[in-house]
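# A closer look at the structure
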Amino acid sequence: MKERTYMARLVRDGMRAGYLLAACFLVGVLFNYFRGEGIPLVATGDYQVFVPCPETESEAGKVSLDEVGPDDSISFPKDATLVDARSEEGYAGGHIPGAVNLPYDELDGVDAEAVTELAARVRVGRVIVYCDGWEEEEDPAARYDHPPSEYLADELKSAGIERVTSLTGGLGEYVKRGGALEVGGE
Amino acid sequence: MPRIPEYQYHSAWRQPGAAFRGPTMLDKATKYVLPPLDLLARFYLGGIFIYAAWGKILDPYSFALSIATYQMLPTHVINLMAMVLPWLELVTGILLVVGTLTRPAVLLVNGMMVVFIYAIWSAVSRGLDLGSCGCFASEEAAAEISMGTVWRDVWWLLIGIFILLVRERSRWGLTRLWEWNQERKWRAKAAEDG
């Protein structure tokens, strides 16, 4: 019998592997179709992936708009750096004038380099972090216990920024009190 | 000099055309050491794959959730993968154990191992806290995901590569059994014909 070369055998076995794959594909899909408690071929919604939130070492405090300025004319302290914890899109759509954007993702945390950079910049001043702001009872199905600004404030505190607080009520409260917004990127 | 049947010794180690002076140490090793080693490796890897597949076939939703946790695939592909992958594991595992279509099966196994290694390595390097890798359905086998999991899969991949490299004629299994039977029949017929 003619001896096949190594490559010829590999190609032949590769093709057989392809047939096997196709057969398993068919069996898997058919088995799932005919079994009682099969799953849909295409997921109808996103999977709820539970991943522990990033842990921080320190806990930052909170500050309300009453504390930072009078009701009718909201003015933040001159030495305060405002940090917008929302996404880049949210920030571009409207933010408190002078705020810097530091998007906080509940799963990935925050860009470590950006935090270090901010920490170097605001060594002496204070930092006020805000997000959209929501009441806990508003959304009982919310996956997170606290608004993102609180998590970001904790992260910044852990990164070495001493005077960091999160703004209670966030941007929602700020707008409700007639605060001006700045539109556009940084 | 009697003709040495091709299946008996592994001429791959000899120069073509060289005179045959009896089996060399390498011939003996390939004849007596490789087949049991290969059998052991196949049972080990095949057993792992069958064990891993079983729980996933019984509970496809949990497996789909495990795949989703890696955050690597688009949502519409996850369910299809959760349906097909366990069957692929089961079929390749059985083929490895029985020793037929071994090379196609081990090609698929190695392909899967490469994908698993990349997925786990990627999850570990992204710092995803998955709890377990989702490789096995049962709780006790679900080890905490870490670089150790990656190295474990690399070890299994190495075993797969070893199985791939072993020649078919050195493999104890259904295919070889069938060939032995054919050879036996052929010899009986040749003896009958004189």
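To keep things clear, this report deals only with the structure shown in the data block. Note that the structure is predicted; figures quoted are calculated from it, not measured.

Rules behind the numbers
- Residues numbered from 1 in each chain as written.
- Chains lettered and ligands numbered in written order.
- Predicted model: local features only at pLDDT ≥ 70, side-chain atom pairs only at ≥ 80, totals over all residues.
- Heavy atoms only, no water.
- Helix = DSSP H or I, 4+ residues; strand = E, 2+ residues; numbered from the N terminus.
- Buried < 20%, exposed > 50% of the residue type's maximum accessible area, 1.4 Å probe, protein only.
- Contact = heavy atoms within 4.5 Å.
- Areas by Shrake-Rupley, 256 points an atom, 1.4 Å probe, with all protein chains shown as cover.
- Phe/Tyr/Trp six-rings, centres within 6.5 Å; stacked < 30°, edge-to-face > 60°.

### Details of the overall build of chain A
- Within chain A one finds six helices and five strands.
- The order of helices and strands in chain A, counted from the N terminus, is α-β-α-β-α-β-α-β-α-β-α.
- Within chain A, the fraction of its 186 residues that count as buried is 38%.
- Sequence-distant contacts, at least 24 apart, represent 68% of the contacts inside chain A between residues at least 6 apart.
- Of the roughly 11400 Å² of accessible surface on chain A, a fraction of 54% belongs to carbon and sulfur atoms.

### A look at the packing of aromatic side chains
- What the rule picks out here adds up to four aromatic pairs over all chains.
- Geometrically, the ring pair formed by A:Tyr104 and A:Tyr151 is stacked, given 6.1 Å between the ring centres and 10° between the ring planes. Of the two residues, A:Tyr104 sits in the loop between β3 (100–101) and α4 (112–121) while A:Tyr151 sits in helix α5 (residues 148–158), which places them 47 residues apart along the sequence. Accessibility classification places A:Tyr104 together with A:Tyr151 in one group, the buried group.
- Centroid distance B:Tyr118 to B:Trp121: 6.2 Å. Interplanar angle 40°. Geometry classified as tilted. In this pair, B:Tyr118 and B:Trp121 are both assigned in helix α4 (residues 102–125), three residues apart and thus about one turn of the helix distant.

Remember, this is a structural readout, not a statement about activity or role.
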